[in-house]
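The residues making up each chain are set out below.
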Amino acid sequence: MAWVWYVIAGVTIVVVAGTVYYITTKDEEAALKTEEQVEEPKKLTLLSLSDEAIQLKLADKGLTLDADGGVEYFEVEENASTGYQWILKTSDCSPEVVKIETGFDAPVSDKEYDLVGAPGTRYFTFTGKGEGKCNFSMAYARPWEFDWEDEST
């Protein structure tokens, strides 16, 4: 009769271990699903400043960003081989209101001679940092020929 108690104890241990395994596996799967949902990439919207409709919209309505990290991305063609580049006047912008970052991707080609005089792409990232207004201006010019105070340039 002692063997019956060993069987009951063995079955009890297996049932308890199975239940614990089931519960912990279920919690881990739920945690993984939660992490996967949190880590979904945000969609990036890249607006082309070469598009006349976007230029008109920005001139008319400006650009509004959320103060707590709202971001807008812009791209525009730039041909550094001609000396022309995009110049930003941000003297009226406080870094506490908006952060402006810029980057440049040079043209890419399989043939080296295709790159002579080829334009690249300038990228601008505007990130809202706090409440306020930021007035900035952009010009596509040669820096040594351009002056913000001279309206004829």
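Shown above is the structure to which this text applies.
Read on for an overview of the structure. (Residues numbered from 1 in each chain as written. Predicted model: local features only at pLDDT ≥ 70, side-chain atom pairs only at ≥ 80, totals over all residues. Heavy atoms only, no water.)

## Overview of the overall build of the chain
For step 1, the next point in the chain: When you go through the chain residue by residue, the secondary structure sums to 2 helices and 6 strands.
For step 2, the next point in the chain: Ordered by position in the sequence, the α and β elements of the chain form the string α-β-α-β-β-β-β-β.
For step 3, the next point in the chain: Relative to its full complement of 153 residues, the chain shows a buried share of 16%.
For step 4, the next point in the chain: If you take every contact in the chain between residues at least 6 apart in sequence, the share linking residues at least 24 apart comes to 74%. (Helix = DSSP H or I, 4+ residues; strand = E, 2+ residues; numbered from the N terminus. Buried < 20%, exposed > 50% of the residue type's maximum accessible area, 1.4 Å probe, protein only. Contact = heavy atoms within 4.5 Å.)

## Topic: the packing of aromatic side chains
For step 1, the next point in the chain: Following the criterion strictly, the structure yields 6 aromatic pairs and no others.
For step 2, the next point in the chain: With a centroid separation of 6.5 Å and 35° between ring planes, the pair formed by Phe124 and Phe126 is classed as tilted. Note on accessibility: Phe124 and Phe126 belong to one class, buried.
For step 3, the next point in the chain: Look at Phe146 and Trp148: their rings are 4.8 Å apart centre to centre, the planes differ by 85°, and that puts the pair in the edge-to-face class.
For step 4, the next point in the chain: Phe146 sits in the buried class, given a relative accessible area of 18%.
For step 5, the next point in the chain: Ring pairing ties together the aromatic residues Phe74, Phe124, Phe126 and Phe136, which thus form one cluster. (Phe/Tyr/Trp six-rings, centres within 6.5 Å; stacked < 30°, edge-to-face > 60°.)

## Considerations on the pattern of salt bridges
For step 1, the next point in the chain: All chains considered together, the criterion is met by 3 salt bridges.
For step 2, the next point in the chain: Here Glu101 makes a salt bridge to Lys99, at a shortest N to O gap of 3.6 Å.
For step 3, the next point in the chain: Classification of Glu101 as partly exposed rests on a relative accessible area of 37%. (Salt bridge = Lys/Arg side-chain N within 4 Å of Asp/Glu carboxyl O.)

## A look at the side chain of Asn79
For step 1, the next point in the chain: You can see Asn79 is positioned in the loop between strand 2 (71–78) and strand 3 (85–92).
For step 2, the next point in the chain: Relative accessible area serves as the criterion here: at 14%, Asn79 is assigned to the buried category.
For step 3, the next point in the chain: Only 2.6 Å separates the side chain of Asn79 from the side chain of Ser81, close enough to count as a polar contact.
For step 4, the next point in the chain: When neighbours within four sequence positions are excluded, Asn79 is seen to be in contact with Tyr84, Gly117, Ala118, Pro119 and Tyr140. (Polar contact = N/O pair within 3.5 Å; in protein donor to acceptor, adjacent residues only side chain to side chain.)

## A closer look at helix 2 (residues 52–61)
For step 1, the next point in the chain: Counting buried positions over the 10 residues of helix 2 gives 1, only a small fraction of the element.
For step 2, the next point in the chain: Put simply, Asp51 is the residue that caps the front of helix 2, since its side-chain oxygen is 3.0 Å from the backbone nitrogen of Ala53.
For step 3, the next point in the chain: Taken from the residues just after helix 2, Gly62 is the one with a positive phi, measuring 75°.

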